[in-house]
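# Survey of secondary and tertiary structure
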Amino acid sequence: MLQVRNASVFFSARDGRVVHALDRASLDIDANSIVVALGASGCGKSTLLNAIAGFLPLSEGSITLDGQPVGSPGADRGVVFQKDTLLPWSSVADNVALGLRFAGVPARERRERAEELLGLVGLESFADAFPHELSGGMRQRVGIARALATDPKILLMDEPFGALDSLTREQMQELLIDVWARTGKRIFFITHSIEEALFLGTTVVVMSPRPGRIVARFDLDFVRRFAAERDVRAILSAPEFAELYDEIRSLVHRPHAETDTPRKVLQ
Ligand SMILES: Nc1ncnc2c1ncn2[C@@H]1O[C@H](COP(=O)(O)OP(=O)(O)OP(=O)(O)O)[C@@H](O)[C@H]1O
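Residues numbered from 1 in each chain as written. Predicted model: local features only at pLDDT ≥ 70, side-chain atom pairs only at ≥ 80, totals over all residues. Heavy atoms only, no water.

The name given to the protein in an unreviewed UniProt entry is ABC transporter ATP-binding protein, with the source organism recorded as Azospirillum lipoferum. Per its UniProt entry, the protein bears the Sequence similarities (unreviewed entry) comment "Belongs to the ABC transporter superfamily." (UniProt positions renumbered as here; feature names shortened; annotations may be inferred.)

### Topic: the packing of helix α5 (residues 136–148) against helix α6 (residues 166–183)
Taken N-terminus to C-terminus, the directions of α5 and α6 make an angle of 20 degrees; their axes are 10 Å apart at the nearest point. The angle between α5 and α6 falls in the class roughly parallel. α6 is crossed by α5, and the crossing has right-handed handedness. Along the contact surface, α5 presents Gly137, Gln140, Arg141, Ile144 and Leu148, while α6 presents Thr168, Met172, Leu175 and Val179. Each residue belonging to the contact of α5 with α6 can be placed in one class, and the counts come to five nonpolar, three polar and one charged. (Axes fitted to C-alpha atoms, helices over the stretch in contact; angles between N-to-C directions. Helix = DSSP H or I, 4+ residues; strand = E, 2+ residues; numbered from the N terminus. Parallel < 35°, antiparallel > 145°, perpendicular 65-115°, else oblique. Left-handed = near helix turned anticlockwise from the far one by under 90°. Contact = heavy atoms within 4.5 Å. Nonpolar A, V, L, I, M, F, W, Y, C, P; charged D, E, K, R; others polar.)

### What to know about the environment of glutamate 124
Locating glutamate 124 in the fold gives a position in the loop between α4 (107–120) and α5. Considering only alpha carbons, one finds glutamate 124 and proline 152, 28 residues apart in sequence, at a separation of 21 Å. Excluding anything up to four places from it in sequence, glutamate 124 contacts Leu118 and Gly119.

### Some remarks on helix α10 (residues 239–253)
Compared with an ideal rise of 1.5 Å per residue, which puts 15 residues at 21 Å, α10 spans 21 Å between its outermost C-alpha atoms and is within 8% of the ideal. Listing the buried residues of α10 in full gives Phe241, Leu244, Ile248, Leu251 and Val252. Taken down its axis, α10 places every buried residue within 95 degrees of arc, on the same side. Opposite the packed face of α10, turned more than 90 degrees from it, sit the exposed residues Pro239, Glu243, Asp246 and His253. Those residues of α10 that are buried are in contact with β3 (34–38), α7 (194–200), β9 (203–207), β10 (214–219), α8 (222–229) and α9 (232–236). (Expected span 1.5 Å × (residues − 1). Buried < 20%, exposed > 50% of the residue type's maximum accessible area, 1.4 Å probe, protein only. Arc of directions from axis to C-beta.)

Put into structure tokens, the structure is as follows:
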């Protein structure tokens, strides 16, 4: 279980103001769940993800993964960003195996694991290609395979499909559901898209504009339905999908007051 408890983050902006980016967020991410955080630009979604990844410290509150406090980045959390961070001079297989190289895994074992993961994301024949030979969607697949290489307890995905065209994005959503169904990995996923959140999330949390606060939580089963029936149209045209879409839309767009009052920055 990943537990976020009363997590707050304050940043010191360049002009001396204190930006209250995240306000007492609490969240549980159980095994086998996909928790999607949804909210307007600047509401603190990436701040929350970066804190879970260990890239930035909380100002207040705590994050634990299976009871262990999360302080710094670790192989137990795999991260995928919107912009791929593949090494251009390394082959696809070597990119996938990067974390394993850092962990001292022997070359042959690394290659086997990379090939296995490339199979999982449908890129088995691209092991020896280089990133520039791949499309944006393919590079994101490599990113997912790389994030899975160290067998992390959780995948953290920060708008991973945000830069892709809509067709590729739909394909990637389905691929992610397949990866989730086959690996059982828990996933924390950030998006601006209500439709993407509803389609992918076993839980959707809606965040308010700054200071980012979790204002609503929805437990859903569209993703399990898709994994079982593989009928996207049936899901997207379901009346309950449209109702939830409207409900969440009004929550996301509800006006909230700016409350960046000067406060001490707690580290
Ligand atoms: N290092 C930083 N220093 C100062 N302010 C920051 C810093 N990082 C983020 N912020 C501010 O914190 C707030 C939350 O930012 P964050 O990137 O978490 O939002 P977001 O919801 O992920 O936005 P987007 O959807 O546009 O990526 C924003 O107002 C942002 O300007």
